[in-house]
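In case you want the letters, here they are:
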Amino acid sequence: MSDTDKEKEISPQADSQALEADVQAASAEQAAPEPQVESPRAAAPRPQVALPQDKAPMNPYLAGVLLGLTLLASYLILGAGLGASGALARLGAVLEHAVLPARAEASAYFGPWFPNPLSYYLVFMLAGTFVGGLVSAASGGRLRLMIERGPTASRARRLALALIGGVIAGFASRLAQGCTSGQGLSGGAVLLTGSFLFMGCLFATGYLTAWIFRRQWT
């Protein structure tokens, strides 16, 4: 028998042994625990900043009664109701006069207010409203710098929409000769027909606008 023939007789046995060795090696490899890869160092938890606790707001019904008494006092003392947009219009006249004085004084709308456009009771009422709101927020623990916005609205979008809405509301309040304070509160308190029509349109367009822009807050 030649060496080649002997190798042919031995090869099946050798192949079987080699196969068994491979199976055992594979089993050992599977049984061996996987090397633990050191995970990157977990980020340390951010310290929780305790926000100041807001005090409970005033009961809205009580606030409504107090607002009504304030309106009554305004009629008894000043002979006129509450308002806000009129003061903002006066401030607009002052700003235009600072840039283009001749144009502001010649304006058919701003001109009659000069030379003292800020000498008007609504200007002082607006200042008092701002100071009162500031004191109320400070006493209630709600005084902080922030931009109120929904989770889907960026700061830039929130500020842009607020500016656009403010310009539209200010322009419309001049066309209607009153805003929610002048027409809604003061005019409604003396049962003016135009004020009730104003409030109906206000609530209707308010609900429609909220439906359109609600995604900015959800």
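Keep in mind it's a predicted model, so treat the numbers as computed, not measured.

Student: It is not clear to me how the overall build of the protein chain should be interpreted in this structure. Could you clarify?
Tutor: From N to C terminus, the protein chain includes 8 helices and 0 strands. Walking the protein chain from its N terminus toward its C terminus, one meets helices and strands in the order α-α-α-α-α-α-α-α. Looking at the protein chain as a whole, 17% of its 218 residues qualify as buried. Taking all contacts inside the protein chain whose residues are at least 6 apart in sequence as the whole, residues at least 24 apart take part in 56%. Accessible surface, the protein chain as shown: approximately 17200 Å² in total, 66% of it carbon and sulfur.

Student: Looking at this model, I keep getting lost on the packing of aromatic side chains. Mind explaining?
Tutor: For any two aromatic rings, the description comes down to two numbers: the centre-to-centre distance and the angle of the planes. The tally for this structure, following the rule as stated, stands at 4 aromatic pairs. Here the aromatic rings of Tyr 120 and Tyr 121 are separated by 5.2 Å at their centres, their planes lie at 65°, and the arrangement is edge-to-face. Over the face of the ring belonging to Tyr 120 we find Arg 90, whose NZ or CZ atom lies 4.1 Å from the ring centre.

Student: For this particular structure, what's the right way to read unusual backbone geometry?
Tutor: Excluding glycine, residues mostly have negative phi values, and the peptide bonds linking residues are mostly trans. Geometrically, the link from Phe 114 to Pro 115 is a cis peptide bond, its omega value of 20° lying close to zero. Looking at the element boundaries, Pro 115 is found in the loop between helix H4 (101-106) and helix H5 (121-139). Of note, Gln 177 is a non-glycine position whose phi angle comes to about 55°, a positive value. Residue placement: Gln 177 occurs in the loop between helix H6 (155-175) and helix H7 (180-189). For Gln 177, a relative accessible area of 68% puts it in the exposed group. You will see that Leu 191, though not glycine, has its phi angle at about 60°, which is positive. Within the secondary structure, Leu 191 is located in the loop between H7 and helix H8 (193-213).

Student: Help me understand a nonpolar patch on the surface in this model?
Tutor: Taken together, Met 58, Leu 62, Val 65, Leu 66, Leu 69, Leu 72, Leu 76, Ile 77 and Leu 78 make up a surface patch of nonpolar side chains, about 930 Å² in accessible area. By the element assignment, Val 65 lies in helix H2 (residues 60-78).

Student: When you look at the pattern of salt bridges in this model, what are you seeing that I'm missing?
Tutor: A side chain of one charge can pair with a side chain of the opposite charge if their charged atoms are brought near each other. Overall, the coordinates contain 1 salt bridge when judged by the stated rule. Where Glu 96 meets Arg 103, a salt bridge forms, and the shortest distance between an N and an O atom there is 3.5 Å.

Student: Before we go on, may I ask you to explain the packing of H7 against H8 in this structure?
Tutor: Packed helices, taken two at a time, are described by the angle between their axes plus the distance between the axes. Running from amino to carboxyl end, H7 crosses H8 at an angle of 130°, the nearest separation of the two axes being 8 Å. Regarding the angle of H7 to H8, the classification is oblique. For the element pair H7 and H8, the recorded crossing hand is left-handed. Facing Thr 180, Gln 183, Gly 184, Gly 187 and Gly 188 of H7, the residues of H8 in contact are Gly 194, Ser 195, Phe 196, Phe 198, Met 199 and Leu 202. Here the residues of the contact of H7 with H8 sort into 4 nonpolar, 7 polar and no charged.

Student: Mind showing me how you'd approach the packing of helix H3 (residues 85-99) against H5 here?
Tutor: Where H3 contacts H5, the axes come no closer than 8 Å and their chain directions differ by 105°. Between H3 and H5, the interaxial angle falls into the category roughly perpendicular. The segment H3 lies against H5, with Gly 86, Ala 87, Leu 88, Arg 90 and Leu 91 engaging Leu 122, Val 123 and Leu 126. Looking at the contact of H3 with H5 residue by residue, the classes come out as 6 nonpolar, 1 polar and 1 charged.

Student: Any chance you could explain the side chain of Ser 173 here in plain terms?
Tutor: Relative to the helices and strands, Ser 173 is located in helix H6. Apart from residues no more than four positions distant in its own chain, Ser 173 is found in contact with Ser 85, Gly 178 and Cys 179.

The rules behind these values
Residues numbered from 1 in each chain as written. Predicted model: local features only at pLDDT ≥ 70, side-chain atom pairs only at ≥ 80, totals over all residues. Heavy atoms only, no water. Helix = DSSP H or I, 4+ residues; strand = E, 2+ residues; numbered from the N terminus. Buried < 20%, exposed > 50% of the residue type's maximum accessible area, 1.4 Å probe, protein only. Contact = heavy atoms within 4.5 Å. Areas by Shrake-Rupley, 256 points an atom, 1.4 Å probe, with all protein chains shown as cover. Phe/Tyr/Trp six-rings, centres within 6.5 Å; stacked < 30°, edge-to-face > 60°. Lys NZ or Arg CZ within 6 Å of the ring centre and 35° of its normal. Patch = residues over 30% accessible without salt bridge, like charges linked within 9 Å, V, L, I, M, F, W, Y side chains within 5 Å. Salt bridge = Lys/Arg side-chain N within 4 Å of Asp/Glu carboxyl O. Axes fitted to C-alpha atoms, helices over the stretch in contact; angles between N-to-C directions. Parallel < 35°, antiparallel > 145°, perpendicular 65-115°, else oblique. Left-handed = near helix turned anticlockwise from the far one by under 90°. Nonpolar A, V, L, I, M, F, W, Y, C, P; charged D, E, K, R; others polar.

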